[in-house]
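Tertiary structure, described
Chain by chain, the residues:
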Amino acid sequence: MSGARGTAGYVAPELICRTIGGVSHKSDVYSYGMMVSEMVVGRKNIDIGASHTSELYFPHWIYKRLELDEELGFQGLMNEHDQESAKKMIIVSLWCIQTDPSNRPPMSRVVDMLKGSLDSLQIPPKPFLSSPPRSPVDRSTTMESS
């Protein structure tokens, strides 16, 4: 392959940074995961107008809400069954977008996870390309006026 091609936000990290891994069928799994998460949440995976940098990187935004058990903003899902299905799709999509291609499931496993129950799914590790956590302000290094 002479150069990376794809839509911004859907291109697997290994297409951009060769130290992550080689291009493989797992690159498509990454793109699928980003597409599914965007469809379920109803938001673009790149939000240039985000008010905080932690909201800029879409997977971080999703992951933070799952960790805090916050609303994911499912568009028009009123009943509990639909919300459970949407949450399952989000968790599966997070598995699909793992930074290391070897940690992404093959598509046959993705299908099995989507067919299975929400309770059988574990939340995957946070991809390391996510936004860094904000550290508390160190008062010893800040200047205070008297």
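We now turn to the structure provided with this report.

Quick notes on the rules
- Residues numbered from 1 in each chain as written.
- Predicted model: local features only at pLDDT ≥ 70, side-chain atom pairs only at ≥ 80, totals over all residues.
- Heavy atoms only, no water.
- Helix = DSSP H or I, 4+ residues; strand = E, 2+ residues; numbered from the N terminus.
- Buried < 20%, exposed > 50% of the residue type's maximum accessible area, 1.4 Å probe, protein only.
- Contact = heavy atoms within 4.5 Å.
- Areas by Shrake-Rupley, 256 points an atom, 1.4 Å probe, with all protein chains shown as cover.
- Core = buried A, V, L, I, M, F, W, Y, C linked by side-chain atoms within 4.5 Å.
- Salt bridge = Lys/Arg side-chain N within 4 Å of Asp/Glu carboxyl O.
- Expected span 1.5 Å × (residues − 1).
- Polar contact = N/O pair within 3.5 Å; in protein donor to acceptor, adjacent residues only side chain to side chain.

Some words on the overall build of the protein
When helices and strands are counted, the protein shows six helices and zero strands. Helices and strands appear in the protein in the N-to-C order α-α-α-α-α-α. Counting only residues that meet the buried cut, the protein has 37% of its 146 residues in that class. In the protein, 60% of the contacts between residues at least 6 apart in sequence involve partners at least 24 apart. For the protein, the exposed area adds up to about 9300 Å²; of that, 54% sits on carbon and sulfur atoms.

Observations regarding the environment of V40
Structurally, V40 can be placed in helix α2 (residues 25-41). For the pair V40 and A86, spaced 46 residues apart in sequence, the C-alpha separation works out to 6.2 Å.

Some remarks on the side chain of R104
By secondary structure assignment, the location of R104 is in the loop between α5 (80-96) and α6 (107-115). A relative accessible area of 1% means that R104 is categorised as buried. Those residues in contact with R104 that sit more than four places away from it in its chain are A12, P13, E14, K26, S27, V29, Y30, W95, C96, I97, Q98 and T99.

Concerning the nonpolar core
Across soluble globular proteins, you tend to see nonpolar side chains buried next to one another. By size, the foremost hydrophobic cluster in this structure holds 23 residues, and its most contacted members are V41, I62, L66, I90, V92 and L94. Secondary-structure elements contributing two or more residues to this core are α2, α4 (58-67), α5 and α6. In contact with V92, other than residues within four places in its own chain, are V110, M113, L114 and L121.

A closer look at the pattern of salt bridges
Going through the model one piece at a time under the given rule, you end up with one salt bridge. Here K126 and E67 are joined by a salt bridge, their closest N and O atoms 3.9 Å apart. Taken together, the residues K126 in the segment after α6 and E67 in helix α4 connect sequence positions 59 residues apart.

Some details on α5
Counted at 1.5 Å a residue, the expected span for α5 with its 17 residues is 24 Å, and the 24 Å between its end C-alpha atoms agrees. Check the buried side of α5 and you find it contacts α2, α4 and α6. For α5, the N-terminal cap is N79; the gap from its side-chain oxygen to the backbone nitrogen of H81 is 3.1 Å.

Points about α4
Where burial is concerned, most of α4 is hidden: eight out of the ten residues are buried. Within α4, the full set of buried residues consists of F58, P59, H60, W61, I62, Y63, R65 and L66. Where α4 ends, the next residue or the one after it, D69, has phi of about 55°, a positive value.

As for the side chain of S27
One can find S27 in helix α2. Ignoring sequence-local partners within four residues, the contact set of S27 consists of A12, E14 and R104.

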